[in-house]
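Per-entry structural report
Letter by letter, the chains look like this.
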Amino acid sequence: MEKETMAVETLKKFNQDHIIDWMNKLNEEEKNKLEEQVLNLNIEQVIDMYNNLSQTFEIGDKKIEKISVTDIDKLSKEDFDNLKNTGIEIIKNGKYAVVTMAGGQGTRLGHTGPKGTFKVNLKNGEKYLFQIIVESLQKANEKYGVIIPWYIMTSEENNDQTLAFLEEHSYFGYPQEKVKLFKQGKAPLISKEGKLLIGKDKLIKEASDGNGSIYKSLSVDGILDDMKNNNIEWVFVGGVDNILLKIVDPLLVGVTINEGNQIASKSVIKTNPRERAGVFCKIDGKPGIIEYSELPEEMIEEVDENGELVFGDVNILSHLYNIKALEQLANMKMPYHIAIKKSDYLDENGNLVVPEDKNVYKFESFIFDVFSSFDNISILRVKREEEFAPIKNKEGNDSPETAVKLYNARD
Ligand code: UTP
C-alpha cells in the first residue's frame, strides 16, 4: 500500500481525522515527513492508554509491607571486606559497566541544555555534572586497572546537544571508544479529548516516555549486545544529577551476589517521615517503590520495634542489574504513570495556541516498576551524607546550593 494511504488509514482508525486535514495543507516535503512519523508512531498504544486511563499504575488496594535491607553500618568488618572483595573481582575482570540516565528534561532545574551540561562550583573547582561522573569512573579505572564502559541514555530532545557537548570537551579525557550514547523511547502527547497535537515543527508532538523506557532502549539500540560482546555481567544504572552518586561500588556487587539476587538498589534513611521521596517496600509480596504521594497516611510515620521508620528507605536512583535481568526486562510491558502537562500546539489554521492550563496527557514509565517481576532485590542502605546530593530544583531543597554543600562536606 502506498505510504500516504497507510498513514491516512491509521489516522482514521484512531479518530485522528484532524491530522489528515492538517496533512492536506502541507507542502510535499512536510507531508512526507508527517506521513513517515505517523507510520513510525505507536498510535495504537497511546490511544489504548488514553481509553484505559483508569488502568494505569495505581496502588489501590495492593498490600504494602516492609522490605528487608542490608545496612552498611551493621556489617561486620569481616563481612564488609569479603563482600567488597567479591565485587572487586568482578570489576577487575572487566565484567562491570555503567549506564547514566540523562534523558530527562530537567524542567524543575530550568537549565537550558541537558542536565549533564549543568555546572556546579565545588570546593575543588567548577565542574559539569558529566565531568563529575567521568572523574569517578577514572578514579575507579585507576584503582582496578580497567576501563569501565560508560553508556549514556539520552532522549530525542537532547541527544545531539549531549553528543556535541561531550565532543567539545573531549569526553573529559575518557577514552571515546568506551563511551556510547543511546536514545530512550518517546510517546505522542494526547489532548484531554484524546487527540494528537501538531507542534511548531508541523509534526505530531511527542515527548520522552520516562526513564522506564531504558530496558527496551538498551535492547533496541544494540547496547545490550555490546555489553554481552564485552563480557559484562553487572550493570550499574544511575541518574545524572546526584553529585555524590557512587557509580562504582564493589560492595553493592558483592552484597547482590552474596544474597543470590539479580537486581539491587541503594537506599538512604528519610531525614524525616514527611520527606517527599519514594521508599522501598513490598507491594503484594514483590519488591517495589512507593511514591510519597501514594503511601497511605497511616504508614508514613509507622515505626518498628527498634523505633525505625517501616517505610523509611529512600530510593536514590542507584541500581544494579545482572545482565540476565536486563535481557529479561527488554521485552517487559511497562505500566504507565500519567502526568498532565501544559503543551503549546498549532490549531487547524496553523496558529500557535499557548494554553493557560494543563491540557495534555503524558505517559511515563518508571525504571523501578519492573522490580516487581523479581521475587527479591538486594537493598544496600548507605549513608546519606556520603552518597546522596541530588540537584532537582533551582532553589531550596535538592538544589545546586544544597548539593554543593553536601559534596564539599564529604570531600
Ligand atoms: P527526574 O525524574 O528527576 O527528571 O529524573 P528530570 O528530567 O531530571 O527533572 P524534572 O522532573 O523534569 O525536573 C531522574 C533521572 O532519570 C533521568 C533523568 O535524566 C535523571 O537522571 N530521566 C528521567 C531519563 O533519563 N528519562 C526520562 O524520561 C526521565
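Each remark here, short or long, concerns the structure printed above.
Basis of the calculations
- Residues numbered from 1 in each chain as written.
- Predicted model: local features only at pLDDT ≥ 70, side-chain atom pairs only at ≥ 80, totals over all residues.
- Heavy atoms only, no water.
- Axes fitted to C-alpha atoms, helices over the stretch in contact; angles between N-to-C directions.
- Helix = DSSP H or I, 4+ residues; strand = E, 2+ residues; numbered from the N terminus.
- Parallel < 35°, antiparallel > 145°, perpendicular 65-115°, else oblique.
- Left-handed = near helix turned anticlockwise from the far one by under 90°.
- Contact = heavy atoms within 4.5 Å.
- Nonpolar A, V, L, I, M, F, W, Y, C, P; charged D, E, K, R; others polar.
- Core = buried A, V, L, I, M, F, W, Y, C linked by side-chain atoms within 4.5 Å.
- Buried < 20%, exposed > 50% of the residue type's maximum accessible area, 1.4 Å probe, protein only.
- Salt bridge = Lys/Arg side-chain N within 4 Å of Asp/Glu carboxyl O.
- Near = heavy atom within 4 Å.
- Polar contact = N/O pair within 3.5 Å; in protein donor to acceptor, adjacent residues only side chain to side chain.
- Areas by Shrake-Rupley, 256 points an atom, 1.4 Å probe, with all protein chains shown as cover.
- Pairing = 2+ DSSP bridges.

Observations regarding the packing of helix α1 (residues 3–13) against helix α3 (residues 28–40)
Packing of α1 against α3 leaves a shortest axis separation of 9 Å and a crossing angle of 55°. One way to sum up the angle between α1 and α3 is to call them oblique. Here α1 and α3 pass one another in a crossing that is left-handed. Residue-level contacts link Lys3, Glu4, Met6, Ala7, Thr10 and Leu11 of α1 to Lys31, Asn32, Glu35, Glu36, Val38 and Leu39 of α3. Residues belonging to the contact of α1 with α3 are distributed by class as follows: 5 nonpolar, 2 polar and 5 charged.

Notes on the nonpolar core
Counting 57 residues, the largest nonpolar core has Tyr96, Val98, Phe130, Leu137, Ile148, Trp150 and Val248 as its most contacted members. Looking at which element gives the most residues to this core, the answer is helix α6 (residues 129–144), with 6 residues. Excluding residues within four positions of it along the chain, Val248 makes contact with Ile91, Tyr96, Val98, Leu137, Ala140, Tyr144 and Ile148.

What about the pattern of salt bridges?
Where side chains of opposite charge bring their charged atoms close, a pairing between them can arise. By the definition in use, this model includes 33 salt bridges. The salt bridge involving Lys246 is made with Glu387; its shortest N-O contact spans 3.9 Å. In this pair, Lys246 sits in the loop between β11 (234–239) and α10 (250–258) while Glu387 sits in helix α13 (residues 384–387), placing the two residues 141 residues apart along the sequence. Relative accessible area serves as the criterion here: at 36%, Lys246 is assigned to the partly exposed category. For Glu387, a relative accessible area of 3% puts it in the buried group. Among the ionic contacts, a cluster of salt bridges with common partners joins Asp71, Lys74, Glu308, Asp313 and Arg381.

Notes on the site of the ligand
As a structural note, the neighbourhood of the ligand is formed by 19 residues, with Met101, Thr107, Arg108, Gln184 and Lys392 the closest of them. Measuring from an oxygen atom of the ligand, one finds a backbone N or O atom of Gln105 at 2.9 Å. A distance of 3.3 Å separates an oxygen atom of the ligand from a polar backbone atom of Gly210. Coverage of the ligand by the protein amounts to 84% of the 560 Å² it exposes when considered alone.

As for unusual backbone geometry
Phi at Tyr171 takes a positive value of approximately 55°, unusual for a residue other than glycine. Exposure remark for Tyr171: the relative accessible area of 5% places this residue in the buried category. One non-glycine residue, Phe172, lies in positive phi territory at about 50°. Residue class for Phe172 comes out buried when judged on its relative accessible area of 17%.

Observations concerning the side chain of Ser217
Considering the arrangement of structural elements, one finds Ser217 in helix α8 (residues 214–220). Taking relative accessible area as the criterion, Ser217 reaches 6% and is therefore assigned buried. Within polar-contact distance, the side chain of Ser217 engages the backbone nitrogen of Gly185 at 3.4 Å. Each residue touching Ser217, except ones within four places of it in the same chain, is listed here: Phe182, Lys183, Gln184 and Gly185.

Re the sheet that holds strand β9 (residues 190–191)
Pairing between sheet strands relies on hydrogen bonds along the backbone, with the strands arranged either parallel or antiparallel. Spatially, β9-β19-β16 is the arrangement adopted by the 3 strands of the open sheet, whose pairing is antiparallel. Because the sheet does not close on itself, it has two edges, and the strands there are β9 and β16 (337–341). In this structure, β9 lies alongside strand β19 (residues 360–364), joined through 2 bridges in antiparallel fashion. Within the sheet, the bridge partner assigned to Ile190 lies in β19 and is Tyr361.

Structural notes on the packing of helix α5 (residues 77–92) against α10
Remark: α5 packs on α10, axes separated minimally by 7 Å, with the N-to-C direction vectors making an angle of 100°. In terms of orientation, α5 lies roughly perpendicular with respect to α10. Here Phe80, Leu83, Lys84, Thr86, Gly87, Ile88, Ile90 and Ile91 of α5 come into contact with α10, specifically with Pro250, Leu251, Val253, Gly254, Val255, Ile257 and Asn258. Split into classes, the residues belonging to the contact of α5 with α10 amount to 10 nonpolar, 4 polar and 1 charged.

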